[in-house]
Amino acid sequence: MLARVANNLFWMGRYIERSEHLARYLNVNYFSSLDAPNELSQSRDFVLRSIMYMVNDEIIESDIKLKEEEVLFNVGLNTEKPYSIITSFNSAYENARSSRDLISTELFESINRINHSIKNYNPDTFVKNGLYDFTSMITKSTAEIRSKIKGTILHDEAYAIIMLGIYLERALQVTRIINSKCSDAAVEKSKYKDTVIDDSHQWSTLLKCVFSYDMMRRFYKKTPTKKTTLEFLILNSDCPRSIKSSLFLIKKYIQKLAVNQKGSTNSASFLIGKLHCEFEYKLIEDIEKDTEGFIRDLINKLIIIGLKLDDNYFKIPEAPVSKTNNISSTQKQ
Amino acid sequence: MKNTIELPLFSAYKFDSNFYDELFNKNKEIRDIYKTLFKLFSQYSVTEFNALNERAKESFFNLGITFQVYGENSVQEKIFPFDLFPRIIEQKEWDTIEKGVLQRSKALNLFLWDVYHDQKIIKQGIVPIELISSSENFITKMKGLDPPEGVYNHISGTDLIKHADGNYYVLEDNIRCPSGVSYVIGNRTAVKHALFGVFNKYNTHRVVDYGANLLEIMESVKPKGVDNPVCVIITPGVYNSAYYEHSFLAKQMGIDLVEGRDLFVENDFVYKRTIYGPQKVDVIYRRIDDLFIDPLAFKPESVLGVPGLFSAYQKGNVCLVNAPGTGVADDKAIYTYMPEIIKYYLDEDQILSNVHTYHCSREKEMSYVLENIDKLVVKPVDESGGYGISIGNKLTKEEIQKVKDTIKANPRKYIAQPIMSLSTHPTYIEETESFEPRHVDLRTFTLLGKDKEYVLKGGLSRVALRRGNLVVNSSQGGGSKDTWVLK
């Protein structure tokens, strides 16, 4: 498979997954804050800041007043914001288009149709009363796309590369969501430090953001706490969205690619194997000691793995093709 | 059958007896072959047909059978205009077309070999040397070079029209990687979905086997010493207006669609950059113009091509489909010598007629042209896509004078032909919500390889959507129709 096309497929997978997590975070955070238990967690400002922190790592100065419609538009449909859902999905589409000869017609058709729906979504409707409808449409659509990926394309290297993109992005996004909600919980705790507050709503929201609330309840049969939530989302091998599950799958798919290659200690395959092994024997007690440090370290490792994949498999010379090349080609039509 | 005027969908169908209408005969009766199809169309109300038409357009849009228009701040995605009323060609009529286009493609191939080798046809005075020596599309570097298996024009697109006399005429040959075949297949799929009821009543040849045949042709022209050739298509990239077609053909054949930067040349062999390192490439269907394929051999500023590709080709280590330099033979000036070219190489009379052509390079013919511009179509010999064409009866006095001056300034550059009356075909016009006659032509696709030839049984019927317009090219606002060749 062409290295350039492999790169397109990898990023297609990443952007599809990213779109879903952005949409889900927006949806769950916004709607669960509406009836949250205390003044802070109910405040629009608090939830908008949480959203901006998750989507863009942006900590907004406390004296800046956020406008709700502006934040929602920026995160949902602003094509000029690199972190918006529309930008993310459009990137998935562009990557699919650049490799459409390799993916199935059915898969491309889904991506193309959904991209049209997103592009044509009315921004006024979205910020006034379409938030639920739009974000739900994204999560349903990404599920449809994943099912087309699994069900219609050859399970060869191309598939392994898309899956690598999906699960690497999933691991990263889930880590970022955990980070963001831990930060919300910490802010809440410091504001109400003189009273004992029930912060379980923050953990329920976190679990819902990762589609894992119901299954977590089934597993622990108790109201979520910080410890059980983090244990479930980071270390539970049966939870399909836990970091550990994602790492297991990243390892599985990199092995499909690395089959011809001898492992060097500096290769993506080696780094993934090493990280996965660390998680095999990790306990929640180890993480609890320094959750922030653990998250920082994990994000760094995942970013390095992404760069290594690029280095090992996708390297080609700089892209010379630009829109103007079309004009220079006087193709006989 | 109901009087057509009573049918709302056909209420605006205005006959013009100067043209051959493919649906109605001179007595305004439905031609036999269209009777069943017409019956179906006459059952639709305007609302029903509009809905059907919208659904068909939507399916093109969802499948991404589109091109993109780049504005300053935004990108617009558009579908190629498509008409649901298919064109039908009877078997007997098709047999002549098929034999005729194959004959031309073979003759052109032999002509190209000769032009780039001994030039016997020129030495014997059949084709004038000036046509070759002054052609911008003659590639000196191709002289004496033997393309694998002696094939130059692996893929030919022949444009035909049906004249008022009911006969087909060749308008031009396209052997510089002609485009449009993906729309033939796309149109067929759309029509099958929309008109499945009537499709059953016509025994039509399928068109979907084009990809498989193209791959066989490509594999048949592999370089010497290669057992299992690796074939690829090279595209200028996603921004090219024909990108959909490039990706479609790659998918149909299951081969890689590469860009220039995916390939490199080492020791005169071509390699593609894969996730596991370089892999040798043997046959390249290139959808990049001659002068852009290799910056070392041709335009140094080209970023679309592959440095060293032409050198690998010269060494016989890779096959290019079509060969560079084929443009010298699909030039509109060479076209006029086709009867002689066919006779010379194949010792046959031409099966499909040419439209009579006047060469402005010949003094006598130029003076005829200058005196009769209002009755002629004047075309530059080396332009494509319908650019630079003047249709005499549409010009003002001032415009006629301007055309005269242009011809006089560079007579070699122009030819003229009588204004041909392209046949008309019922075409749905959204503004009037009814079918109206519109001019159509037909592009056929012919493949030549080692011991193998193939003509796609169908073709792209291109339709000029503006009333009275004779230029059908998509770059000039033309649309297309599905074309049924009956068994």
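Above this note sits the structure.
To start, this report covers the structure provided alongside it.

For the rest of this paragraph, the subject is unusual backbone geometry. Residue and element names in this part refer to chain B. For the peptide bond that leads from Val 321 to Asn 322, omega is -10°, which places it in the cis range. Tracing the backbone shows Asn 322 in the loop between strand E12 (319-321) and helix H11 (332-335). Positive phi, normally seen in glycine, also occurs at Cys 177, with a value near 50°. Relative to the elements of secondary structure, Cys 177 occurs in the loop between strand E5 (168-174) and helix H6 (181-194). Taking relative accessible area as the criterion, Cys 177 reaches 3% and is therefore assigned buried. Phi is positive for Glu 433, which is not a glycine, with a value near 50°. Relative to the helices and strands, Glu 433 resides in the loop between strand E18 (424-429) and strand E19 (434-449).

Moving on, we come to the state of the cysteines. Residue and element names in this part refer to chain A. For the structure shown, the criterion picks out zero disulfides over all chains. Note on Cys 182: no disulfide assigned, nearest cysteine sulfur contributed by Cys 209 at a separation of 12 Å. On the basis of relative accessible area, Cys 182 is assigned to the buried category, the value being 13%.

The next subject is the nonpolar core. Formed by 152 residues in total, the largest nonpolar core has its most connected members in Ile149(A), Leu309(A), Phe111(B), Ile284(B) and Ile341(B). The greatest single-element share of this core, amounting to 17 residues, is contributed by helix H8 (residues 157-191) of chain A. With near-sequence residues (within four places) excluded, Ile149(A) lies in contact with Met12(A), Ile16(A), Leu107(A), His155(A), Tyr159(A), Ile162(A), Met163(A) and Ile166(A). In terms of nonpolar packing, the next biggest core, distinct from the first, is built from 97 residues, Ala56(B), Phe85(B), Val191(B) and Val283(B) among them.

Glancing now at the sheet that holds strand E17 (residues 414-418) of chain B. Residue and element names in this part refer to chain B. Read across the open sheet, the four strands follow the order E14-E17-E15-E16; overall the sheet is antiparallel. The open sheet has two edge strands, strand E14 (358-359) and strand E16 (390-391), and neither has a second partner. Pairing of E14 with E17, which is carried by two bridges, proceeds in the antiparallel orientation. Counted as the bridge partner of His 359 is Ile 415 from E17.

Definitions and limits used
- Residues numbered from 1 in each chain as written.
- Chains lettered and ligands numbered in written order.
- Predicted model: local features only at pLDDT ≥ 70, side-chain atom pairs only at ≥ 80, totals over all residues.
- Heavy atoms only, no water.
- Helix = DSSP H or I, 4+ residues; strand = E, 2+ residues; numbered from the N terminus.
- Buried < 20%, exposed > 50% of the residue type's maximum accessible area, 1.4 Å probe, protein only.
- Disulfide = S-S within 2.5 Å.
- Core = buried A, V, L, I, M, F, W, Y, C linked by side-chain atoms within 4.5 Å.
- Contact = heavy atoms within 4.5 Å.
- Pairing = 2+ DSSP bridges.

None of this, on its own, says anything about what the molecule does.
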